[in-house]
Every structure is written in C-alpha cells, then in structure tokens.
Amino acid sequence: MKQFDTIVIGGGPAGLMAAIQASSRGERVLVVEKNASLGEKLLLSGRGRCNFTNGEEDIQAFLSRYGENGRFLHSAFSRFGPAQTLDFFHRHGVETVMERGKRVFPVPVGSGTGSQRVLDVLLRLCKKGDVRVFRSTAVKALKVRRLPGEGLARVERLITEREELEAGRYIIATGGRSYPKTGSTGDGYRFAQAAGHTIVPTYPALVPIKTRETWVKLAHGCNLRNVNLTALAGDKKLEGHFGEMEFTNFGVSGPIAMEMSSRVPDWMEAAKKAGLPEGSVQLSLDLKPALPREKLRARVAQDFQTSGSRPFSGALRKLVPGPLVPLILELSDVPHDKPVAYVSSEEIDELARILKDIRLTVNGLWSFNNAVVTRGGVCLKEVDPGTMRSRLCDNLYFAGEVLDLNGPSGGFNLQVCWSTGCVAGLGG
Ligand SMILES: Cc1cc2nc3c(=O)[nH]c(=O)nc-3n(C[C@H](O)[C@H](O)[C@H](O)COP(=O)(O)OP(=O)(O)OC[C@H]3O[C@@H](n4cnc5c(N)ncnc54)[C@H](O)[C@@H]3O)c2cc1C
C-alpha cells in the first residue's frame, strides 16, 4: 500500500495551501521541501509584511491584472478567490489592513512579522491535518510511465536524494526561477517536461530594467514621485505609467519600472520583428507630467530671471530633487557654475525638453536573482483550470508560480498561490 495519497513537491505558499486542502479531505499528505525550513520566499514577501492579496472586489478587474492568462484563473477564483482567501485568514485569526492600491497585509502581532503570521497559520493547519513534511529533501526526478493508447502518462514515483516515494497523486508547487536563493531554481519545469508538458519560455518579471546609458548611475538611489514613464518602440508609444520610480547603477527600478519590466521581452521581440534597429525600444521619463512643455519652459525662465547670480546647479535644486541634479547637469550643456541670469533662451528650451523627456535605451532586464516573480512556466493549455490537474498526466497537478501566471505587485502573485493551491489540493 502506498504510504501517501498526495505528495506535494515544494513547501512554499502554494504547496502548503495544497497540502492543507488535501488533508482536509482526509488524505494522507506529504510535503517534500528541499530547504531546511518552509516558506522561505513567503517570509521575504512584502519586505516581511506579506502583501498576501488585493482588495479589488470586481473579479473581472482582478483577473485582468494577469493579462490574457488571467482567464485561466476564473474557475479557481470562483472556488477560492480573493474573498475566500481573506475569509480563510480571518477565520484563522489574522486581522488585515488594506493600504494603497488595495494591497492587503496582515496586522503583525508582537515582534512577529506579517509574513511570519501567514506562515504560522499554514504550518498550524498542516499540523492539524497530520501533513508529514520531509525538510532538506530535494526531489531529483519524477518517474513517469506512458499509458498505452491514450496519449496519457502517469507518475509512478518520485525520486529524492535518499529514497523513492509513491503516492496516488503528485502536486508540483516548486515555484519559478526568481530569487533562487530561496529554493526556487526552476526544478518544477524539468519535472513537468518529463511528464510531457510544454514550458512557456521564462523571464524575470517585476525586476529592474537595464539601460544602455551608463550616466543613470549619477542618480543612483534617487527616488522620484509623480513622474511619467513611457515605453516607446521607435515613434510608437507602447505604454505609459504614472507613479514612483528609482534610478539604479545600471538602469531604472521602483514600482512603475518594475511593473513595466514584465513586458520588456515582448517589446524587444516586436521591435525586432518590425525590423527596427537595435536600441529602438526606449523609455521616456517625464519629470513634470503635470506641466505642458511650454508652461514648464515659461516657469523655468521666470525662475531663472529672479535667481540672478545663482549658479545653474543651485537653481536646478529648485526644479528637481537634489540627487538628480548631477544627472541633469550631465545631460544639459550648461556649465554647473554658470549664473542663471546668463543661461540663454536656447539653453532654457533644452532644459525644459530634458525635464519632459529623459531618454533611456532599454538594454534588457536584471537577472532572476532580483526578480520578484517569473514570467512563463507550465503551459496553461495543458492544465485543467477547474482542478489544476495535468491534461497529459493523469495523477499530476500544479500550483503556484510554476504555472505560466504572473501578475503585478499588489498581492496578485500570492493570490495565484492560494487559489491554485487550494484547487489542486482539493483535486478532482
Ligand atoms: C522579495 C520578494 C517579495 C515578494 N513579495 C510579494 C508580495 O508582497 N505579494 C505577492 O503577492 N507576492 C510577492 N512575491 C511573490 C511571491 O512570494 C511568490 O509568487 C510566491 O512565493 C510563489 O509561491 P510558490 O509556492 O509557487 O513558490 P515558492 O514560494 O518559490 O516555493 C517553492 C518551494 O519549492 C521548493 N522546491 C523547489 N524545487 C524543489 C525540489 N526539487 N524539491 C523539493 N522542494 C523544492 C523551494 O525550496 C520552495 O520552498 C514576492 C517575491 C519576492 C522574491
């Protein structure tokens, strides 16, 4: 007799939710986790505060945040969506608070972080459901047998460094490739491929964008609020975002840049297909989106007139945050010590242009090491959306980031884990 009904590979949020739900059906469940502890990435989420879902109540609006693939989540959300997630954590003693952008966080208690609170609930429920956990145990492979005639396969057993394990069904919840130091090293893709699945190419997402211009490092760490960042391919506007961003040593980061990063591979691909020369995908940063260029120009001219002998660099401090001044000086041809009274009309024109349109050439993305999530993964067409069961391998299920699902920041990625984890755990 098999020792377990269900083996869950990976003890992150998706795997633990799946284990809890499977055990609630009376199944004998084992979680196999390669780290010494469970939920390492979950503990880092939201900088330890764990933005575990989003308070958006309109389900269609919620699903639209995952792009086209959001449709796949419809069925899982109708069984265990954001409202059920909130209810689940409330029922288990986690009070919550909703913040900017409807981000939902647990209220921390005592010295424990919000993330720890969420993890504690999951661990407590696993214990209550008699879920066995093998820690420090990496799954090496799945032994898959092709079933005659039906084009289907079946997982026969799972191979770890120490032993072979058997169960009625297997749930792959190994996460993606992002933040590999937390254990998500893309192993699940290999297991899925062994069972016949297609892996949609993976890219880092919610990650800083690299630019060709090296002068960005002059403003390294400078946090900008209320700016507009627009992506362009040649003359064509691709998309624009208003909000906060940050310069880094190699490009741009911060909420709006990270949000846009998920589409960078598409932009690069489309530009290539359109025959645009290299370097055509650019970002245009507008530091003064509330002011049309002419109005801004007039304001700068007036400001400079009243500032008299003040050096150009000093006058710039009134226009932009201090840490950005060296970068503006680099981009404009005006000497930093030139008294503003002597700054010419053409130089003011040029300054207004710079403030409205700092151009950056997109040069790629930073690596998976710094990506919050993975774009791509197990192809959704090969998974039943109502149960997360493989359409190719009859006792195999998927949950969490290993699937080709990713959303923006705001609690959308952990919601994928709760919904797909719950549905996969309940089986069907
Ligand atoms: C810094 C950071 C902050 C984040 N903040 C938020 C946030 O506030 N809100 C939000 O919605 N999302 C956030 N995310 C994203 C979110 O944490 C992930 O989407 C989520 O953790 C994915 O859960 P998962 O269970 O699918 O995979 P993971 O959390 O990656 O867990 C997978 C587990 O599987 C184990 N594993 C992998 N391979 C094997 C193997 N071969 N054998 C055994 N075990 C294996 C891993 O060790 C790991 O423990 C954040 C991500 C990062 C990196």
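Residues numbered from 1 in each chain as written. Predicted model: local features only at pLDDT ≥ 70, side-chain atom pairs only at ≥ 80, totals over all residues. Heavy atoms only, no water.

So, on to the side chain of Glu-382. Topologically, Glu-382 is positioned in the loop between β18 (373-378) and β19 (396-398). We note that Glu-382 is buried and unpaired, the nearest opposite charge coming from Lys-381 at a distance of 8.1 Å. A distance of 3.2 Å separates the side chain of Glu-382 from the side chain of His-197, its partner in a polar contact. One polar contact links Glu-382 to Thr-198, side chain to side chain, over a distance of 2.5 Å. Residues in contact with Glu-382, not counting those within four places in the same chain, are Gly-196, His-197, Thr-198, Arg-389, Ser-390, Arg-391 and Leu-392. (Helix = DSSP H or I, 4+ residues; strand = E, 2+ residues; numbered from the N terminus. Buried < 20%, exposed > 50% of the residue type's maximum accessible area, 1.4 Å probe, protein only. Lys, Arg positive; Asp, Glu negative; His and termini not counted. Salt bridge = Lys/Arg side-chain N within 4 Å of Asp/Glu carboxyl O. Polar contact = N/O pair within 3.5 Å; in protein donor to acceptor, adjacent residues only side chain to side chain. Contact = heavy atoms within 4.5 Å.)

A separate point is the sheet that holds strand β4 (residues 96-99). What the 3 strands build is an open sheet, ordered β3-β5-β4; its pairing is antiparallel. The sheet is open, and its two edges are formed by β3 (53-54) and β4, each paired on a single side. In this structure, β3 lies alongside strand β5 (residues 103-106), joined through 2 bridges in antiparallel fashion. Note on β5: the bridge partner recorded for Thr-53 is Val-104. (Pairing = 2+ DSSP bridges.)

Here we come to the packing of aromatic side chains. Here the structure, examined in full by the defined rule, presents 12 aromatic pairs. Both rings, one in Phe-52 and one in Phe-89, keep their centres 5.0 Å apart while their planes meet at 65 degrees; by these two values the pair is edge-to-face. Within this pair, whereas Phe-52 is found in the loop between α2 (40-44) and β3, its partner Phe-89 is found in helix α5 (residues 82-91), the two being separated by 37 residues in sequence. With respect to class, Phe-52 is no different from Phe-89; both count as buried. Taken together, a centroid distance of 5.4 Å and an interplanar angle of 75 degrees make the contact between Phe-62 and Phe-77 edge-to-face. You can see Phe-62 sitting in helix α3 (residues 59-64) and its partner Phe-77 sitting in helix α4 (residues 74-80), a full 15 residues away along the chain. Comparing Phe-62 with Phe-77 shows no difference in burial state: the two are buried. Ring pairs connect the aromatic residues Phe-52, Phe-80, Phe-88, Phe-89 and Trp-418, which therefore count as one cluster. (Phe/Tyr/Trp six-rings, centres within 6.5 Å; stacked < 30°, edge-to-face > 60°.)

Another aspect to go through is the domain arrangement of the protein. Annotation of the protein at the domain level lists domain 1 (4-203 + 369-426) and domain 2 (208-366). On a C-alpha basis, the centroid separation for the pair domain 1 and domain 2 is 40 Å. Domain 1 puts 7 residues into the contact, and the matching count from domain 2 is 8 residues. Where domain 1 abuts domain 2, roughly 610 Å² becomes buried across the two surfaces, and 50% of that area is made up of carbon and sulfur atoms. Three residues stand out in domain 1 for area buried against domain 2, namely Tyr-203, Asn-370 and Arg-375, and they jointly supply 63% of the buried area on that side. For the interface between domain 1 and domain 2, the tally reads 1 salt bridge. Where Arg-375 meets Asp-266, a salt bridge forms, and the shortest distance between an N and an O atom there is 2.7 Å. Remark: the boundary between domain 1 and domain 2 carries 2 residue pairs in polar contact (both at pLDDT 80 or more). Broken down by class, the residue content of the side of domain 1 that touches domain 2 amounts to 3 nonpolar, 2 polar and 2 charged. (Domains from an automatic or database assignment. Buried area = accessible area lost by both parts, 1.4 Å probe. Nonpolar A, V, L, I, M, F, W, Y, C, P; charged D, E, K, R; others polar.)

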